[in-house]
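# Structural description and commentary
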Amino acid sequence: MSEANKHLVRRLIMEGWNGRNFAVIDELCSDNFTMNDPSAPHLANGPEAAKAYIGALVAAFPDLHMQVHDLFAEADRVSLRWSAEGTHQGEFNGIPPTNRRICVAGQAIYRIANGRIEEDWIIVDTYGMLQQLGVIPD
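Residues numbered from 1 in each chain as written. Predicted model: local features only at pLDDT ≥ 70, side-chain atom pairs only at ≥ 80, totals over all residues. Heavy atoms only, no water.

Looking at an unreviewed UniProt entry, one finds the protein named Ester cyclase, with Aphanothece cf. minutissima CCALA 015 as its source organism.

## A closer look at the overall build of the protein
Tallying secondary structure elements over the protein gives four helices and five strands in all. The helix and strand sequence of the protein, counted from the amino end, reads α-α-β-α-β-β-β-β-α. Along the longest, intermediate and shortest principal axes, the C-alpha atoms of the protein span 45 × 25 × 25 Å. Long-range contacts, defined as pairs at least 24 residues apart, comprise 54% of the intrachain contacts of the protein with a sequence gap of at least 6. Across the protein, the 11 positively charged side chains and the 18 negatively charged ones have centroids separated by 3 Å. (Helix = DSSP H or I, 4+ residues; strand = E, 2+ residues; numbered from the N terminus. Contact = heavy atoms within 4.5 Å. Lys, Arg positive; Asp, Glu negative; His and termini not counted. Charge placed at Lys NZ, Arg CZ, Asp CG, Glu CD.)

## What to know about the side chain of S30
In this fold, S30 is placed in strand 1 (residues 29-36). Judged by relative accessible area, S30 falls into the buried class, the value being 8%. (Buried < 20%, exposed > 50% of the residue type's maximum accessible area, 1.4 Å probe, protein only.)

## So, the packing of aromatic side chains
Within the structure shown, the criterion is met by two aromatic pairs. Both rings, one in W17 and one in Y53, keep their centres 6.3 Å apart while their planes meet at 90 degrees; by these two values the pair is edge-to-face. You can see W17 sitting in helix 1 (residues 2-18) and its partner Y53 sitting in helix 3 (residues 47-60), a full 36 residues away along the chain. Considered together, W17 and Y53 belong to a single accessibility category, that of buried residues. Ring centres of F61 and F92 lie 5.5 Å apart, and the angle between their planes is 65 degrees; this geometry places the pair in the edge-to-face category. (Phe/Tyr/Trp six-rings, centres within 6.5 Å; stacked < 30°, edge-to-face > 60°.)

## Side note on the sheet that holds strand 3 (residues 77-87)
The strand order 1-5-4-3-2 describes an open sheet built from five strands, whose pairing is mixed. On the outer flanks of this sheet lie strand 1 and strand 2 (65-74), each paired with one strand and no other. Across this sheet, the average inter-strand angle for adjacent strands is 20 degrees, counted without regard to direction. Across the face of the sheet, helix 1 comes into contact with strand 2, strand 3, strand 4 (101-113) and strand 5 (116-124) while running at roughly 165 degrees to strand 2. Against the sheet, helix 3 contacts strand 1, strand 3 and strand 5, and its axis sits at roughly 55 degrees relative to strand 1. (Pairing = 2+ DSSP bridges. Axes fitted to C-alpha atoms, helices over the stretch in contact; angles between N-to-C directions.)

## With respect to the pairing of strand 5
Two elements, strand 1 and strand 5, share four bridges in a ladder whose sense is parallel. In the strand pairing of strand 5, C29 is matched with I117. Both strand 4 and strand 5 contribute to a ladder of eight bridges, which runs antiparallel. Opposite A113, over in strand 5, you have R116 as the bridge partner. What sits between the antiparallel neighbours strand 4 and strand 5 is a turn of two residues, in which N114 has the positive phi angle 55 degrees.

## Some points on helix 3
Helix length check: helix 3, at 14 residues, gives a terminal C-alpha distance of 20 Å against a target of 20 Å (1.5 Å per residue), a fit within 8%. What helix 3 keeps buried is the set P47, A49, A50, K51, Y53, I54, L57, V58 and A60. (Expected span 1.5 Å × (residues − 1).)

## Details of the pattern of salt bridges
Pairing between side chains becomes possible if they bear opposite charge and their charged atoms approach one another. As enumerated under the stated definition, the model contains 10 salt bridges in all. Put simply, R101 and D63 hold a salt bridge, and the shortest N to O gap is 2.9 Å. With R101 in strand 4 and D63 in the loop between helix 3 and strand 2, this residue pair connects regions lying 38 residues apart in the sequence. Of the residues examined, R101 reaches a relative accessible area of 46% and is grouped as partly exposed. Among the charged side chains, a salt-bridge network with shared partners connects R11, E15 and E27. (Salt bridge = Lys/Arg side-chain N within 4 Å of Asp/Glu carboxyl O.)

Here is the structure:
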């Protein structure tokens, strides 16, 4: 089961995020999918909310590409260490485009139930990203 769970998360990153295939989110995530991200505390639940979350980031960073560095699974949990690079070409959380290139690191833990992603907890180096955008000093 651990390999199958890792496969779900890898598909989410490769097909959903990097491939911009948002339809795969309906296949991979449960109807009650819950995202937990301290930098976005008022997220709605469900696949549509996940599509909106990813869509907003892709709109702000059209060339955004995620790389999987580590992927571990045990029981119903999958842990992912990742990085993402992109160029800030659209509005991001009220920040107008800076045309700066960013590289941000993060980690996520996913809970899998009945063969679908049920919940995730995301931690992103938001401070470092804001420094790279020039919004806060180095």
